[in-house]
Amino acid sequence: MAPSRTLHVRCTTWEQVETFHTRKLRRGKLLSMKVPFAATLGSSVTLGLELPNEVVIAIDGTVRKSSPIEGDTKTWIEVELHGFTDEVVARIRAMAAGVEPVPAEPDAPPERPSKVALASEQLPVDERQLFHHLTTELRRMRQAAVHEVLGVERDADADQIRLGWMTLVRKLHPDLVARRKAPAITHLAEELTILVNRAYDRLRAALVAEGRANVVGSVVRPPPGWLVGFDDLASGAGSDPARRRAQKAVVTIPPVNEAAPSAVGAQGSGGQGGEAFETRARTMLQEGDPDTAQEVLAAALVVYPRSKPLRSLYYVASAVSALGKGEIMLATSQLEAALAHYEGCSEAARLLEHVRQHGQTDREALRRVFQ
Amino acid sequence: MSDRTPAVGIDLGTSNSVVAVIDKDGSPRILTTSEGSMTLPSLVWYSPDGPVVGEAARDGLDHSPELTIFGAKRLLGRRFDHPEIRRLSRLLPYELTEAPNGDTWIALASGKQVSPEEVCGRVLFELRRMAEAHFGGPVTRAVITIPAWYDAAQRQATKDAAQIAGISVMRLLSEPTAAALGHGAHRGVDRNYLVCDLGGGTFDVAAVDVEGGTFEVLATTGDQFLGGDDVDRLVVEHLLRDVKNTIGFDITSDTLAIERLRLAAQKAKHELSTDASTTLVVSDLLQLPSGKSVGYSKPIQRSELEQWAARFIQRIEAPINEALARAGRRKEAIQDTLLVGGMTRMPAVVREIQRVLGKEPKMVDNPEEVVAVGAALEVARLEGRIEGILLIDVAARGLLVSTGQSDCELVIAQSAVVPTREHRVFATRQEDQPRVEFDVWEGESPESEKNRHLGRFAVVDLPPAPAGDVLVLVELTLDTDGTVRLSASELVSGERMQLEQVFHSGLARADVARLARQLAEAT
Ligand SMILES: Nc1ncnc2c1ncn2[C@@H]1O[C@H](COP(=O)(O)OP(=O)(O)OP(=O)(O)O)[C@@H](O)[C@H]1O
Ligand SMILES: [Mg+2]
């Protein structure tokens, strides 16, 4: 059986979404487009519709017509998107309504997190005490998950993240301790500030990617490997660059036997759905095929964007793949990310422990981890 | 102790430079040139008697424009093959040339070539002398302002120019942030600012939030080749045609005449900011073979100037919109727009900014000096003489790396808060591979042609081992100045590794040191 394909359509404005729905689709369900692969009639296709809030909705479809284009590797296909149910349309509408700009009073100050004064005075005055304090902080933060660095809850919202970051920067910024004219202390302050800024950038990018905020601070486009959101999924992070470029428009997803439910992502943290994907990915990981597992999980995340187990497993898969290439640092950070997304990810915890003890892994070790 | 010597704030401008200090009582003071002027024209005339800087170099513009370098700041840290440099090189009265490493240099008629760093170094040296005259003692440290969109090569070039002038840079501060600081934004109520700085050569836009003494720069954009000089050139283009029609001379290849026309056009432009009409006069535009000189005069309406400058005005909107987009801001959320830079005195510029933002912008009291005042405040802040202010900036561009022919891979994102650090791990591909080379780029694109090449680096002296066994961890740090630092270590052992620069843009360290020595000895 030919593998099922995913088409990626990106809409950067809600108008584009509207246009896509009303103009591009015939009878609300038929989509014709040129694709860079030969599509067999009746094969299934998933449309990954990326919305302006960076949420990707997966819509199932079946190829109804397919005609190769003369002298081109491309094919014209017509897909019936049976997954584009009224429910899905309603969900998109709701999201669009949610971000409609609320006209603010022209001169009203925007909402801000409650005030934090410059707090560098709170640091110990005595230089040796300060040095000790900063060193301890640095040691702690180096091991902490990003939200712990900022001292916020795992599911903190935009305001809490900003406040956490601001509070720390106003205390630790190297400029504020520079006047003490002790290079060692300025250096420590810079190291701490780097950790704090990195944590902030990751958390705010994650919030935006998960569709929980429009923008936090400024708009930041995270590089691949930043372990957040869909950007890295859609661009196939971890795959080699040449392949990534070739795939820009189309991500191939191997067949998933379990019937994917309609594209409404489950909310909440309890039964988040997608267990079938999880099981499948685990098997692949156990069999030493992290790359396929990653693709399966990426596909699953399109359907269940809020599933923490799936997301964390995605990072585990990318860690396993990194381990295969000997990139231990990368693997470690991916595993940390897995745990940051979902503490209950026992594979991540076990693998991390293993990596920390032995550095390398082998097939046998992996099999034990995913048992 | 060098730490005890006073430090100054410097606005190194495309057309004018300013140096300021904060007095003991906390009030800002603009230092003056020996002629008593608060601004020093950023001009260097390589006269037969040696280089002349500032006001005195204006004579050079009149007599030997091919030896009189204005606007060198536009050339700092720029590759010669940059399309805007190509365009400029056709328009400038002096000649541009390509340095062996691809940088833009200036070819003087004497056959000598000078780097823009050296030219700017001379301007900075003059500013340093003004400061030393004020303090009556050596001045060796400064905060220097730069356009917000400067890339790492331009930042490094600025630092090199300073070093040539014997100045160590305490901090490079972005001009719009300096303007917000100089405007005293920290003293007022908390606000969301948009700073628009339109000067002689560059347009800078920054979205800055001020809250409880903290300046948070959300986004900085700009047009690197948009400034008053462009208006002057547009006017000159029209005048050339007019000269031909009215007095019958084609002076398109007469650099001296064009330069005189440009100066007159600039003067007329200034007058038309306050008056509705003026008359442009060039008493001796050119000399006939008989020795008789031909003059030219033309009445100009403000509306005419605005028509000629339309192409210039049109380019104001895009950087503003981009700054808003990057800051994730709607224009309604901007509470104050600060206008900075000499060109914002032109009414059409103010109108355009008002049109784009739908709100009346605020002209700061001293648009030409406010940036230097900000720089001086930054000095005082870094020295701990004023408290309660913190500046937080973001990366103006992304930082990428690539190896061999591979795509560029984004390592540090645009708008990441600085200082920040990210790493990449490189593995050896062959047995006993002695070194790993990689390139560092600035930009956003996976395609290297679209990015700015910062340099090629090599981690050398790798221990002999089978392929893939040596893992090199390269860390890229973007510091508070926006300058890039690199370090390399062996991943498993954590041991530091030797990092070599194979290729780099800008001057070599040894050349900078040599030029600094030469300048110090010559005076
Ligand atoms: N009254 C005026 N009306 C119009 N333009 C003016 C006026 N005064 C100065 N300018 C123009 O402003 C420009 C110089 O501004 P400014 O001194 O702020 O620039 P700069 O700081 O040297 O340049 P940059 O900031 O781009 O490096 C010149 O193009 C000058 O012609
Ligand atoms: Mg300026």
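The shown structure was predicted, so the numbers you read here are calculated from the model rather than taken from an experiment.

### What about the overall build of chain A?
Each helix and strand in chain A was counted, giving 15 helices and six strands. Relative to its 371 residues, chain A shows a buried fraction of 51%. At a minimum sequence separation of 6, the contacts of chain A that also span at least 24 residues come to 64%.

### Some details on the sheet that holds strand β10 (residues 113-114) of chain B
All names here are of chain B. The three strands are arranged β8-β9-β10 in an open sheet whose pairing can be described as antiparallel. Strand pairing shows two members of the sheet lacking a second neighbour, β8 (95-98) and β10, which therefore form its edges. Taken together, the four bridges between β8 and strand β9 (residues 104-107) define a ladder with antiparallel strand orientation. Bridge pairing links T97 to W105 in β9.

### Examining a negative patch on the surface
Among the surface-exposed residues, E153(A), D155(A), D157(A) and D159(A) lie close enough to one another that they form a single negatively charged patch. You can see E153(A) is positioned in the loop between α4 (146-150) and α5 (158-172).

### Quick word on the pairing of strand β2 (residues 16-22) of chain B
Residue and element names in this part refer to chain B. With six of seven residues buried, β2 is to be regarded as a mostly interior element. Here strand β1 (residues 7-11) pairs with β2 via three bridges, running antiparallel. The residue bridging G9 from the neighbouring strand is A20, located in β2. The hairpin turn running from β1 into β2, its antiparallel successor, is four residues long. Relative to strand β4 (residues 40-41), β2 is paired through two bridges, and the arrangement is antiparallel. From the neighbouring strand, S17 faces β4, where its bridge partner is L40.

### Quick notes on the side chain of R204(A)
Inspection of the secondary structure assignment puts R204(A) in helix α7 (residues 183-209). The class for R204(A) is buried, based on a relative accessible area of 1%. Within polar-contact distance, the side chain of R204(A) engages the side chain of D201(A) at 2.9 Å. In this structure the side chain of R204(A) is engaged in a polar contact, spanning 2.8 Å, whose partner is the backbone oxygen of S415(B). Ignoring any residue separated from it by four or fewer positions in sequence, one finds R204(A) in contact with V216(A), G217(A), S218(A), V220(A), S415(B), A416(B) and V417(B).

### Structural notes on the domain arrangement of chain A
All names here are of chain A. For chain A, the assigned domains read domain 1 (5-96), domain 2 (119-221) and domain 3 (269-369). Computed over C-alpha atoms only, the centres of domain 2 and domain 3 are separated by 28 Å. Contact residues are listed per partner, giving four residues for domain 2 and six residues for domain 3. Carbon and sulfur atoms make up 37% of the area that domain 2 and domain 3 hide from each other, which totals about 470 Å². Considering only the surface of domain 2 that becomes buried against domain 3, A145, R154 and E210 emerge as the three largest contributors, covering 76% of it. Linking domain 2 with domain 3 are one salt bridge. Ionic pairing is found between E343 and R154, a salt bridge with its closest N-O pair at 3.0 Å. Partitioned by chemical class, the residues of the side of domain 2 that touches domain 3 number one nonpolar, no polar and three charged.

### What about the domain arrangement of chain B?
Residue and element names in this part refer to chain B. Annotation of chain B at the domain level lists domain 1 (7-226 + 316-393), domain 2 (228-311) and domain 3 (399-505). Taking only C-alpha atoms into account, the centre of domain 1 sits 31 Å from that of domain 3. Listed per partner, the contact involves 16 residues of domain 1 and 16 residues of domain 3. Approximately 1400 Å² of surface area, both sides summed, lies buried where domain 1 meets domain 3, with 47% of it carried by carbon and sulfur atoms. It is A152, R326 and D393 that lose the most area in domain 1 upon contact with domain 3, and together they represent 29% of the buried surface on that side. The tally of links between domain 1 and domain 3 comes to three salt bridges.

### Overview of the nonpolar core
All names here are of chain B. Ranked by size, the top nonpolar core spans 56 residues in total, and within it I10, I106, L124 and I144 carry the most contacts. In this structure, I10 is in contact with V18, V19, L124, L127, A142, V143, I144, T145, I167 and A375, ignoring residues within four places of it in sequence. Among the nonpolar cores identified, the runner-up in size contains 49 residues, and L194, L286, L305 and A348 belong to it.

### With respect to the pattern of salt bridges
Side chains bearing opposite charge may pair, as long as their charged atoms lie close to each other. All names here are of chain B. Following the criterion strictly, the structure yields 56 salt bridges over all chains and no others. Measuring nitrogen to oxygen at the nearest pair gives 3.4 Å for the salt bridge that ties R79 to D81. Of the residues examined, R79 reaches a relative accessible area of 23% and is grouped as partly exposed. Across the pair D209 and R329 runs a salt bridge, and its minimum N-O distance is 2.8 Å. A residue pair is termed long-range when its members are at least 10 positions apart, and D209 in strand β14 (residues 203-211) and R329 in the loop between α10 (317-327) and β18 (336-340) qualify at 120 residues. With a relative accessible area of 7%, D209 lands in the buried category. Take R329: its relative accessible area is 18%, and that puts it in the buried class.

### Some points on the packing of aromatic side chains
Across all of its chains, the model carries six aromatic pairs over all chains by this definition. For the ring pair W165(A) and Y200(A), a centre distance of 4.0 Å and an interplane angle of 5° mean the geometry is stacked. Of this pair, W165(A) sits in helix α5 while Y200(A) sits in helix α7, placing them 35 residues apart in sequence. By relative accessible area, which is 1% here, Y200(A) ends up buried. A network of ring pairs unites the aromatic residues F426(B), F438(B) and F457(B) as a single cluster. A cation over a ring is seen here: R262(B) above F70(B), with NZ or CZ 4.1 Å from the ring centre.

### Description of α5(A)
The terminal C-alpha atoms of α5(A) lie 21 Å apart, and with 15 residues this matches the ideal 21 Å at 1.5 Å per residue to within 8%. The complete set of buried residues in α5(A) reads A158(A), I161(A), R162(A), G164(A), W165(A), M166(A), L168(A), V169(A), R170(A) and L172(A).

### What about the site of ligand 1?
Residues and elements named next belong to chain B. The full set close to ligand 1 counts 21 residues, and T14, S15, K73, H270 and S273 are the nearest of them. Within the backbone of S15, an N or O atom sits 2.7 Å from an oxygen atom of ligand 1. Relative to its unbound accessible area of 660 Å², ligand 1 is 92% covered by the protein chains. For the shell around ligand 1, the secondary-structure elements that each account for two or more residues are α6 (228-247) and α7 (255-274). Looking at the shell around ligand 1 element by element, the count peaks at four residues for α7. Counted by class, the shell around ligand 1 contains one nonpolar, 14 polar and six charged residues. Domain assignment of the residues forming the shell around ligand 1 places at least three in each of domain 1 (7-226 + 316-393) and domain 2 (228-311).

Cut-offs applied
Along each chain, residues carry numbers from 1 onward, in the same order as the chain's sequence is written. Chains carry letters and ligands carry numbers; both start at the beginning, A for chains and 1 for ligands, and go up in the order they are written. Residue-level local features of this predicted model are given only where pLDDT is at least 70; pairs of side-chain atoms are given and counted only at 80 or more, and the full residue set underlies all totals for whole chains, interfaces and linings. Processing note: side-chain calculations cover all non-hydrogen atoms of the structure and skip hydrogens and water entirely. In this description a helix means any DSSP run of H or I spanning at least four residues, a strand means any run of E spanning at least two, and both kinds are numbered starting from the N terminus. A simple rule labels every residue: compare its accessible area, found with a 1.4 Å probe on the protein chains alone, to the largest value its type can have, and call it buried under 20%, exposed over 50%, or partly exposed in between. Note on definitions: a residue-residue contact is assigned when non-hydrogen atoms from the two residues lie within 4.5 Å. Should DSSP find at least two bridges between two strands, the strands are regarded as paired. For patches, a residue must show more than 30% relative accessible area and have no salt bridge; joins then use 9 Å for like charges and 5 Å for nonpolar side chains, namely Val, Leu, Ile, Met, Phe, Trp and Tyr. Shrake-Rupley sampling with a 1.4 Å probe provides the accessible areas, and residues are treated as covered by the protein chains on show and by no other component. Any carboxyl oxygen of Asp or Glu within 4 Å of a side-chain nitrogen of Lys or Arg constitutes a salt bridge here. Positive charge is attributed to Lys and Arg, negative charge to Asp and Glu, and no charge count is given to His or to the chain ends. Where a charge sits is defined by one atom per residue type, namely NZ (Lys), CZ (Arg), CG (Asp) or CD (Glu). Here a polar contact is taken to be a pair of N or O atoms separated by no more than 3.5 Å, where protein atoms must pair a possible hydrogen donor with a possible acceptor and residues adjacent in sequence count only if both atoms sit in side chains. The start and end points of each domain follow an automatic or database-based domain assignment. As a working definition, buried area equals the accessible area (1.4 Å probe) given up by two parts on being put together, with both sides summed. Amino acids outside the nonpolar list (Ala, Val, Leu, Ile, Met, Phe, Trp, Tyr, Cys, Pro) and the charged list (Asp, Glu, Lys, Arg) are all regarded as polar, and Gly is one of them. Take the buried residues of types Ala, Val, Leu, Ile, Met, Phe, Trp, Tyr and Cys, join any two whose side-chain atoms come within 4.5 Å, and each joined set is a nonpolar core. Note on ring pairs: Phe, Tyr and Trp rings are taken, using the six-membered ring of Trp, and paired if centres are within 6.5 Å. Classes follow the plane angle, with under 30 degrees stacked, over 60 edge-to-face and the rest tilted. A ring is considered to have a charge above it if a Lys NZ or an Arg CZ atom is located within 6 Å of its centre and within 35 degrees of its normal. Expected span of a helix: the number of residues minus one, times 1.5 Å. Neighbouring residues are identified by heavy atoms, a residue being near a molecule or strand if any of them is within 4 Å of it.

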